[in-house]
Amino acid sequence: MRLALAPDSLTQRYRAASQGWQRRMSDLGYAAAYRDILDQFTVDGASANAIMDVGCGAGDFAAAYACGRGRIDHLTLVDPSVEMLQIAMARLAARALHLHGRATGIENITVRSVQDLILCAHVLEHTADPILALERLKHHLAPGGRIILVASKPHWCNWLIWLRWRHRSFDPGHLRKMIQAAGLDCRTDSGLSRGPPRRTSHAYCITHPIGELPC
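Conventions used here
Residues numbered from 1 in each chain as written. Predicted model: local features only at pLDDT ≥ 70, side-chain atom pairs only at ≥ 80, totals over all residues. Heavy atoms only, no water. Buried < 20%, exposed > 50% of the residue type's maximum accessible area, 1.4 Å probe, protein only. Helix = DSSP H or I, 4+ residues; strand = E, 2+ residues; numbered from the N terminus. Pairing = 2+ DSSP bridges. Right-handed = clockwise from strand over helix to strand, strands pointing away. Arc of directions from axis to C-beta. Polar contact = N/O pair within 3.5 Å; in protein donor to acceptor, adjacent residues only side chain to side chain. Phe/Tyr/Trp six-rings, centres within 6.5 Å; stacked < 30°, edge-to-face > 60°. 1 Å grid on protein atoms, 1.4 Å probe; cavity = no way out; pocket = protein on both sides within 12 Å on 5 of 7 lines; lining within 4 Å. Points joined across faces, edges and corners; volume = space filled by probe spheres on them. Nonpolar A, V, L, I, M, F, W, Y, C, P; charged D, E, K, R; others polar. Salt bridge = Lys/Arg side-chain N within 4 Å of Asp/Glu carboxyl O.

Draft legend 1. Broad picture of the pairing of strand β4 (residues 115-121). For β4, the buried fraction is high: six of the seven residues fall into the buried class. Here strand β1 (residues 50-54) runs beside β4; their pairing, made up of four bridges, is parallel. Considered in β4, the bridge of M52 is made with I118. Both β4 and strand β5 (residues 141-152) contribute to a ladder of six bridges, which runs parallel. Across the sheet, L119 pairs through a bridge with I148, a residue of β5. Taking the sense of rotation as the criterion, the β-α-β connection linking β4, helix α6 (residues 130-139) and β5 turns out right-handed.

In structure tokens form, the structure reads like this:
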């Protein structure tokens, strides 16, 4: 089964929201929550030379990773909205030695090499087949590499978000089973730390089953 492309209407909504997106994510506490979860999962740069942020938006997740970790060797940013991607590229230009952008959805990513670390926040909710989307991420992950996934969880606050974005929410136990069905291992998972992210989102540290790295 082929993943559907991101609907044009969804991409258009993100395009329209691109100006001011970074400020809103910061005001709502997502930027800080991303930094906290990366620290909690002890994600450092020691073994992550190639990093990809899938559905990067304005680059909040990649920026959270780069905070306090020095310059990234190879960083690939992926987003179907050209406007969002341009903002993220400009924001992270000084944080990566080699910066690449891909204006595409998760189903059409092309990169020259596998990634040591894949960041993916609030993307799975918009895919036609979440298990296939996870398999696509696995395809780009080096043995021993990690995926840090953030996805919406059931909470009444997500009904308010749904009114605009028509996204799905995943019970953490069910999402762990989908991760396993995709041939990946969920090493640990956790709620986010503060404010709206704590109520709306859940994070997962996922590893390639061959040559796993500890989380």
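Now, onward.
Draft legend 2. Here's a closer look at helix α5 (residues 82-92). Among the residues of α5, those classed as buried are M84, L85, A88 and L92. Summarising the axial view, the buried residues of α5 lie within an arc of 95°, below the 170-degree limit, and thus occupy one face. In α5, those exposed residues whose orientation departs by more than 90 degrees from the buried face are Q86 and A90.

Draft legend 3. Summary view of the side chain of E125. Within the secondary structure layout, E125 lies in the loop between β4 and α6. For E125, the side chain forms a polar contact with the main-chain nitrogen of S152, separated by 2.6 Å.

Draft legend 4. Expanded view of the packing of aromatic side chains. Taken as a whole and judged by the stated rule, the model has two aromatic pairs. Taking the centre distance of 6.3 Å and the plane angle of 55° together, the rings of Y30 and Y34 count as tilted. Of the two residues, Y30 and Y34 both sit in helix α3 (residues 30-40), four residues apart, roughly one turn of that helix. Y34 shares its class with Y30; the two are buried. Aromatic rings pair up to connect Y30, Y34 and F61 into one cluster.

Draft legend 5. Examining unusual backbone geometry more closely. A positive phi angle is found at H122, which is not glycine, with a value near 55°. Within the secondary structure layout, H122 lies in the loop between β4 and α6.

Draft legend 6. Inspection of the layout of surface pockets at higher detail. Its volume calculated, the second largest pocket comes out at about 190 Å³. Lining the second largest pocket are A50, H74, T76, H100, R102, V111, R112, S113 and Q115. Looking at the lining of the second largest pocket, the elements that each hand over two or more residues are β2 (72-78) and β3 (96-102). A per-class count over the lining of the second largest pocket returns two nonpolar, five polar and two charged.

Draft legend 7. The pattern of salt bridges, seen in detail. Scanning the entire structure with this criterion turns up two salt bridges. For R176, the salt bridge identified is with D189, shortest N-O distance 3.0 Å. Of this pair, R176 sits in helix α8 (residues 172-181) while D189 sits in strand β6 (residues 185-191), and the two are 13 residues apart along the sequence. On the accessibility criterion, R176 (34% relative accessible area) is partly exposed. D189 sits in the partly exposed class, given a relative accessible area of 25%.

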